[in-house]
Amino acid sequence: MANWETVVVETDLLICGGGFSACGAATEASYWAKKKGLKVTLVDKAAVDRSGAVAMGLSAINQYVGVKDGENTLEDYVRYVRQDLMGVSREDLVYNIARHVDSTVHLFEKWGLKIWKDEQGKYVHEGRWQLMINGESYKIIIAEAAKNAIADAGGEIIERVFIVDPLLDGNRVVGAVGFSTREDKFYVFKAKAVIAGMGGAVHVFRPRSVGEGFGRSWYPPFNSGSSAYFTIKAGAEMTCQEVRFIPVRFKDAYGPVGAWFLLFKSRAVSAEGGDYMTTHKEVLQNYAPYGLVKPIPANLRNYLGMIDVDAGLGPLYMETAEAIQNIAAQYKDDPKAFKKKMKELESEAWEDFLDMTISQAILWASQNVKPEEKHSEIAACEPYFIGSHSGASGAWVSGPEDLPTPYKWGYANMTTVEGLFAVGDGSGASSHKFSSGSHAEGRIAGKQAVKFIVEKGQAPKLDMAEVEKLKERILKPLDLWNKHKDETTDPEINTNYVVPRQYLHRLQKLMDEYAGGVVSAFKTSKALLERGLELMALLKEDSDKMAARNHHELMRVWENIQRTWQAEAHIRTLLFREETRWPGYYFRADTPKMDDKNWLCFANCQWNRQSGEWKMMKKDIWALPGA
Ligand SMILES: Cc1cc2nc3c(=O)[nH]c(=O)nc-3n(C[C@H](O)[C@H](O)[C@H](O)COP(=O)(O)OP(=O)(O)OC[C@H]3O[C@@H](n4cnc5c(N)ncnc54)[C@H](O)[C@@H]3O)c2cc1C
């Protein structure tokens, strides 16, 4: 085995991940931990200042309810999420996040985030729930608050350590193991409670951008299914593993469309088919009541565009020029004011990209796009797992104690494993929390985890022989490389190992072709999924043969293995749900209709740690009284 030092870190609360939800958890937990003399440790595979989906910055806070201004009620938000997720959401969790999110946004502002204000000093809304921000440094601001809180409470932040597996004592989590991506160090974390906040998953499916553009995707490439893997491997029940997200974005650089649709009121059309939201309106009847109420769910909007693309009537375009002209038209009688408004709109359009997807601005520049003069191409991206956005995959967590939800087994946001909490993209069926809601959910879980430790915390019991076995397995790719690398003239072609990139291509091809990726036009069926599972079993066998030349590739190996578990949970749940509820995200061609009678429910799954078997379950939907 590679001769790496074992570093043992003892803590009370371990927070895995350093993104929005983890920073929320760290900020809140540190406050309570300090009072109780407990230690909080946060571990991130990257550097907290610029890690996770918000690394590059954002141009809007997507969840703000605005309760204090009487803009909306919490029930309004619950209804909005129910509608967008075609009736399938954990309304207790959505409500709990919604009632905490405004205070989180106010904290962001206090910490220095610039939220746009109008002449009356009120927040500028992009849409009903969204606030415009100058968000290039959004992540740094939120990270700073988390770092300060941890430092103030005497906790620890460990960066560049990749968390692999959970450690368990029966059905109780007692820590985690991981490795440094820079030094020859294997980490063992002993903890009384653990929060999984390691984001969602990208690159499970083959991206549209292959070859020279490989790696480019809507979802930033850093998150590889670690939260899902960690909770599944701990034996936690999972939910909504079929509900992946397919955003429609500016083509090839994945630039955001929110400001165009919501702020500029732009239309999207197909080149030959026209305004697909109008021409295919009758299709929405099949998805009543959701298809008939505004806002039309994101998957249905996707679907109407896909009908034209499938028929060869594309490309799809965002009518940027028309939108800008429409807004500026109010100033048409005053040429000076008109010119000024046009300049302002043009700069807002570019700033939107520069704030969060710089590559889209570069692509526009390289293609001589002037949004005020010409429309721009949009397209449906490959599927992602992002339970905090418009997808819903994640762990099945306990609801808040003061609501009459049937889903309560202790501490809010605790999974079905004692002491293991899940947040952000890691917790399921509570979509549309976005950056602010993920942070709020992190705060909820952080406080609850400290409560758990105070009331039920035990000194973690670790089986060090098991840990040693894990160390051997985790470092094995380095050994494989060193043992066999000289056996061929081309080190990437070897009968004894595969390199991570080759494995990744195989996983992505499998998912693309059998589980409804871009190549199969987001369609799948029972027969395809069953064949996919057969191939998946062979792929999993070969995962043991991945080799790594260095620290970075060792991370790539484990990212791939974690993605594979996310992929398997996805295929199994697609297979289990025998209907098509979210066309536009995926289409079960053999069960093409929505079937409320049998499937207006959660589809849950659980991997058994002893037997290695998967169990599939239906769970009822609970509606929030009054919503
Ligand atoms: C392209 C895009 C655009 C978005 N736009 C908006 C928007 O405009 N407004 C808005 O409010 N929200 C937006 N969101 C949503 C928002 O970014 C997410 O809701 C939020 O980041 C989720 O928080 P999280 O903590 O679950 O994940 P993240 O913030 O992504 O954090 C995940 C963390 O886990 C770490 N990690 C991953 N694997 C491991 C491992 N194995 N070991 C240790 N650490 C690990 C990562 O380094 C990172 O620190 C957008 C998301 C995306 C992807």
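Here's what I pulled together on the structure shown here. On a predicted model such as this, the values are computed, not experimentally measured, just so you know.

What the chain contains, in helices and strands, is 17 helices and 22 strands. Radius of gyration (C-alpha) of the chain: 24 Å, near the 25 Å computed for a compact globule of 627 residues. With the C-alpha coordinates aligned to their principal axes, the bounding extent of the chain is approximately 80 × 60 × 50 Å. In the chain, 75% of the contacts between residues at least 6 apart in sequence involve partners at least 24 apart. When the accessible area of the chain is evaluated, it comes to approximately 24000 Å², of which 51% is carbon and sulfur surface. Positive and negative charge centroids in the chain, built from 78 and 82 side chains respectively, lie 2 Å apart.

Scanning the model with the defined rule gives zero disulfides in all. Here Cys-240 stays unpaired: no disulfide links it, and the sulfur of Cys-601, its closest cysteine neighbor, is 9.7 Å away. By relative accessible area, Cys-240 is classed as buried at 1%.

Let us now look at the sheet that holds strand S10 (residues 185–190). Spatial strand order, S1-S10-S9-S8: four strands in an open sheet with mixed pairing. The outermost strands of the open sheet, each flanked by one partner alone, are strand S1 (5–10) and strand S8 (161–169). Neighbour-to-neighbour, the strand axes of the sheet open up by a mean angle of 20 degrees, direction not taken into account. The sheet contact formed by strand S9 (residues 172–180) and S10 spans five bridges and is antiparallel. Across the sheet, Phe-179 pairs through a bridge with Phe-186, a residue of S10. Relative to S8, helix H16 (residues 551–576) is tilted by about 50 degrees, and along the sheet it contacts S8 and S9.

The next point concerns the pattern of salt bridges. Evaluated as defined, the whole model comprises 49 salt bridges. Note that Asp-152 and Lys-34 form a salt bridge whose closest N and O atoms lie 3.3 Å from each other. Here Asp-152, found in helix H4 (residues 138–152), pairs with Lys-34, found in helix H1 (residues 20–36); they are 118 residues apart in sequence, far enough to count as distant. Overall, Asp-152 belongs to the exposed group, its relative accessible area being 52%.

As a further point, take the site of the ligand. Surrounding the ligand, one finds 36 residues, the nearest of these being Ser-21, Asp-44, Ala-60, Ser-388 and Ser-435. Contacts to the ligand include Gly-18, whose backbone N or O atom sits 3.1 Å from an oxygen atom. Note that a nitrogen atom of the ligand is positioned 2.9 Å from one of the side-chain N or O atoms of Ser-226. Look at the ligand: alone it shows 990 Å² of surface, and the protein chains cover 97% of it.

For the rest of this paragraph, the subject is the sheet that holds strand S14 (residues 268–270). The strand order S13-S16-S15-S14 describes an open sheet built from four strands, whose pairing is antiparallel. The outermost strands of the open sheet, each flanked by one partner alone, are strand S13 (248–250) and S14. Sheet twist, expressed as the average angle between the axes of neighbouring strands with direction ignored, equals 40 degrees. Of the pairings in the sheet, the one linking strand S15 (residues 316–318) to strand S16 (residues 376–380) comprises three bridges and is antiparallel in character. Across the sheet, residue Leu-316 finds its bridge partner in S16, namely Ile-378.

Reading the values: rules and limits
- Residues numbered from 1 in each chain as written.
- Predicted model: local features only at pLDDT ≥ 70, side-chain atom pairs only at ≥ 80, totals over all residues.
- Heavy atoms only, no water.
- Helix = DSSP H or I, 4+ residues; strand = E, 2+ residues; numbered from the N terminus.
- Rg over C-alpha atoms; globule rule 2.2 N^0.38 Å.
- Contact = heavy atoms within 4.5 Å.
- Areas by Shrake-Rupley, 256 points an atom, 1.4 Å probe, with all protein chains shown as cover.
- Lys, Arg positive; Asp, Glu negative; His and termini not counted.
- Charge placed at Lys NZ, Arg CZ, Asp CG, Glu CD.
- Disulfide = S-S within 2.5 Å.
- Buried < 20%, exposed > 50% of the residue type's maximum accessible area, 1.4 Å probe, protein only.
- Pairing = 2+ DSSP bridges.
- Axes fitted to C-alpha atoms, helices over the stretch in contact; angles between N-to-C directions.
- Salt bridge = Lys/Arg side-chain N within 4 Å of Asp/Glu carboxyl O.
- Near = heavy atom within 4 Å.
- Polar contact = N/O pair within 3.5 Å; in protein donor to acceptor, adjacent residues only side chain to side chain.

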